[in-house]
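# Topology and contacts: notes
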Amino acid sequence: MIHLPVKDTASCNTVATGSNMSNGNNLRIIVTISKCPKTDCRTYHCITQCTPDIKNAIQSKFGSTTISLTIKTNLGSRTASCQFCTFGQVVLVSTTSPTTLPNIPTSTITSITSTTTTTTTTTTTTTKTTTRTTTTTTTTTRTTTTITTTTTTTTTTTTTTTTTTTTTTVTTAIISQETVSHGSVSGTRYSNVPYKSGNNLPNYEKERCKLDIYIPRSSGTAPYPVIVYFYGGGLNAGDKSEGWAAWSNNFGFKFLEAGVSMVMVNYRLSGQQGTKWPLYIQDAATSVAWVANNIAQYGGDPNNIFVMGFSAGAYLTHMLSIDSKWYTEINFDRNRIKGYIAISGQTRTHGTVAADLGIQQNQLMTVRTDAMPFGHVKKTEKPIHIFVGEYEGQTITDNYAYYNQLISKGSTNLFIYTNLGKDHGGMRDGLGDASSPTRSKILEFIRTGASTVNLAPNIAYRKPVTASSTENTANTADKAVDADGNTRWASTNSDTQWIYVDLGARYAVNRVRIAWEAACAKNYYLESSDDARSWANIRTVTNNVALINDHTGLNRNARYIRIYATQRATTYGYSIFEFEVYGN
């Protein structure tokens, strides 16, 4: 909505009806908007980002004419105003962040029409100043504007007059704000929020560089931890709607249900309007920075941001986690990100990346190592959790090889998990399953990373391990500490069995996690020792039926950790996928 007066310096018959301006008034424009004319944004914070471009668009229509411009926004009962001072800087008058951003009615196209008259005289003048106060009342906002005008009365002996009329048209686009729900889970979605701005952006870049924000409403407490999510699609297809429809098992609602906000990002796609590597990586980095700088205004926690992606989106996630240049290019502090979650991503080869670079896939690790995560292996700075599916073939091999290389460089806060029974597509859709081990581990990762607790490495990984018995030559004791969810240790069929790991040195153990196969222990002891002969009890477990036993809050200094089982839950022997120990 545009409020005039537009004042001119000549005849009042060219002034907007109702302005009550008289001859000789100075040009002044007051624009009150309900939605950002530049973007789809309609929340108060967009004004601080977009009004410079609105100002430039209006100013360009008047050329060198000196005008004073005030832009105000009507956002329900919360009003944010920006005053442009001599077209130089933006002064933010009010930045009260709403708890719940209001729905704003639709606006379409409005026009500013002004008449500017330049008069040259050789006269004696007298001047008087008057003040006029106008009050505008809407259904949600009462705005009072005081305008001071200067009226000049002249006795003209010689006059030359030039009159120019200019019309500025401002188109207002709208962010969609709506309630979304699935079953008993509900949230608020803010759609098509631009994370890039500027008059010089190509149309395709403006169109693609948008994101959707989902804020929990039925669970959790603000400020909510944030997942910035990049969808899959080979880097040349896909959309930010992934996760919020039946075709992707509505997995986004599972994270809302857990009290985690989701930001779904669109990025430029390879092959579209000249897009090639690395533009989609640059878009990903820019979107993460935008979220860090703006998510607080929607209810997200800017101090608890995690980057997550599936397939091609996991490739983007890997690249952001391992190569600092993408954040450095945009002057973003990578330390503001808590951690990274890569689901079924590409670490060694990617067909689209190779095609963009004009080489074969098998040349990526020789000719363009910079284009793949494997080419940047080093000690990582932030926690990374990698997930793969049992039936993903080469993806499993490449991700485990990448994980092991990161470990070899001294990286600690690393986790990898194989989801049994899942192929590539199932890894994404499985996030929406009623019981999803991948989603559970992601939420655990977020809860741990979002706290002040430092994520410690699994100090049992590939350490020497000894067991009381082994079912066969395939299911040996070392399989319990290889961080491979597909392998396991299995004992013979009797109640009293044990397995222990030699950590190689004395550690302050604070956590032990056991992932059982169906043949779990009903009763067992968790024990410690400094010599593998004399054992002390840490924790006693009875009537266990859970396949994941996560013992946290431990406080034991020891070199050896043992699981001493006394009663089986099945007729089979005991079987453990992973025996993990954490400590310092």
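As annotated in an unreviewed UniProt entry, the protein is F5/8 type C domain-containing protein from Adineta steineri.

Our focus in this paragraph is the overall build of the protein. On a plain count of helices and strands, the protein comes out with 10 helices and 24 strands. Within the protein, contacts between residues at least 6 apart in sequence are counted, and of these 72% link residues at least 24 apart. With the model as given, the accessible surface of the protein reaches about 24,600 Å², and the carbon-plus-sulfur share is 46%.

Next up on the list: the environment of Asn486. Locating Asn486 in the fold gives a position in the loop between strand 18 (465-467) and strand 19 (489-490). Remark: the alpha-carbon pair of Asn486 and Thr418, spanning 68 residues in sequence, is separated by 6.7 Å. Those residues in contact with Asn486 that sit more than four places away from it in its chain are Glu390, Ile396, Thr418, Leu420 and Phe577.

Attention now goes to the nonpolar core. Within soluble globular proteins, side chains that are nonpolar generally end up buried alongside one another. The biggest cluster of nonpolar side chains holds 91 residues, and the ones touching the most others in it are Ile213, Phe230, Met262, Tyr267, Tyr315, Leu320 and Ile442. In terms of residue count, helix 4 (residues 279-294) provides more of this core than any other element does, 9 residues in total. Those residues in contact with Leu320 that lie beyond four places of it in its chain are Phe230, Ile281, Ala284, Ala285, Val288, Val307, Trp326, Tyr327, Arg334 and Tyr340. Grouped together as the second largest cluster of nonpolar side chains are 29 residues, Val465, Trp489, Val541 and Tyr574 included.

So, on to the pattern of salt bridges. Inspection of the entire model under this criterion finds 21 salt bridges. A salt bridge links Arg348 to Asp398, with the nearest nitrogen and oxygen atoms 3.2 Å apart. With Arg348 in the loop between strand 15 (337-343) and helix 7 (351-357) and Asp398 in helix 8 (residues 394-408), this residue pair connects regions lying 50 residues apart in the sequence. Its relative accessible area of 29% is what places Arg348 among the partly exposed residues. The class for Asp398 is buried, based on a relative accessible area of 9%. When salt bridges that share partners are traced, they join Lys196, Glu205, Arg268 and Asp283 into one network.

The next subject is unusual backbone geometry. The peptide bond linking Ala222 to Pro223 adopts the cis configuration, its omega dihedral lying at -5 degrees. You can see Pro223 is positioned in the loop between strand 11 (210-216) and strand 12 (224-230). In this structure, the amide linkage connecting Trp277 to the following residue, Pro278, adopts the cis form with an omega of 10 degrees. With respect to the secondary-structure elements, Pro278 resides in the loop between strand 13 (261-265) and helix 4. A positive phi is found at Asn192, a non-glycine position, where the angle reads about 60 degrees. In this structure, Asn192 sits in strand 10 (residues 185-194). Residue classification places Asn192 among the partly exposed positions, given a relative accessible area of 30%.

Here the focus is the packing of aromatic side chains. Scanning the entire structure with this criterion turns up 19 aromatic pairs. Measuring from centroid to centroid gives 5.9 Å for Trp277 and Trp326, while their planes differ by 90 degrees, and the two rings are edge-to-face. Of this pair, Trp277 sits in the loop between strand 13 and helix 4 while Trp326 is found in helix 6 (residues 325-328), placing the two residues 49 residues apart along the sequence. Pair check on accessibility: Trp277 and Trp326 agree, each one buried. Where Trp290 meets Tyr298, the ring centres are 6.5 Å apart and the plane angle is 45 degrees; that geometry is what we call tilted. With a relative accessible area of 2%, Tyr298 lands in the buried category.

All right, on to the pairing of strand 12 then. When you tally the buried positions in strand 12, you get 6 out of 7 residues, the bulk of the element. Two strands pair when backbone bridges link them, and strand 12 and strand 14 (residues 300-310) are joined in this way by 6 bridges, in the parallel orientation. From the neighbouring strand, Tyr224 faces strand 14, where its bridge partner is Gly300. Note that strand 12 and strand 13 share 5 bridges and pair parallel.

The next thing to look at is the side chain of Arg334. Within the fold, Arg334 resides in the loop between helix 6 and strand 15. With residues up to four places along the chain from it excluded, the contact list for Arg334 reads Leu320, Ser321, Ile322, Asp323, Ser324, Tyr327, Glu381 and Lys382.

Conventions used here
- Residues numbered from 1 in each chain as written.
- Predicted model: local features only at pLDDT ≥ 70, side-chain atom pairs only at ≥ 80, totals over all residues.
- Heavy atoms only, no water.
- Helix = DSSP H or I, 4+ residues; strand = E, 2+ residues; numbered from the N terminus.
- Contact = heavy atoms within 4.5 Å.
- Areas by Shrake-Rupley, 256 points an atom, 1.4 Å probe, with all protein chains shown as cover.
- Core = buried A, V, L, I, M, F, W, Y, C linked by side-chain atoms within 4.5 Å.
- Buried < 20%, exposed > 50% of the residue type's maximum accessible area, 1.4 Å probe, protein only.
- Salt bridge = Lys/Arg side-chain N within 4 Å of Asp/Glu carboxyl O.
- Phe/Tyr/Trp six-rings, centres within 6.5 Å; stacked < 30°, edge-to-face > 60°.
- Pairing = 2+ DSSP bridges.

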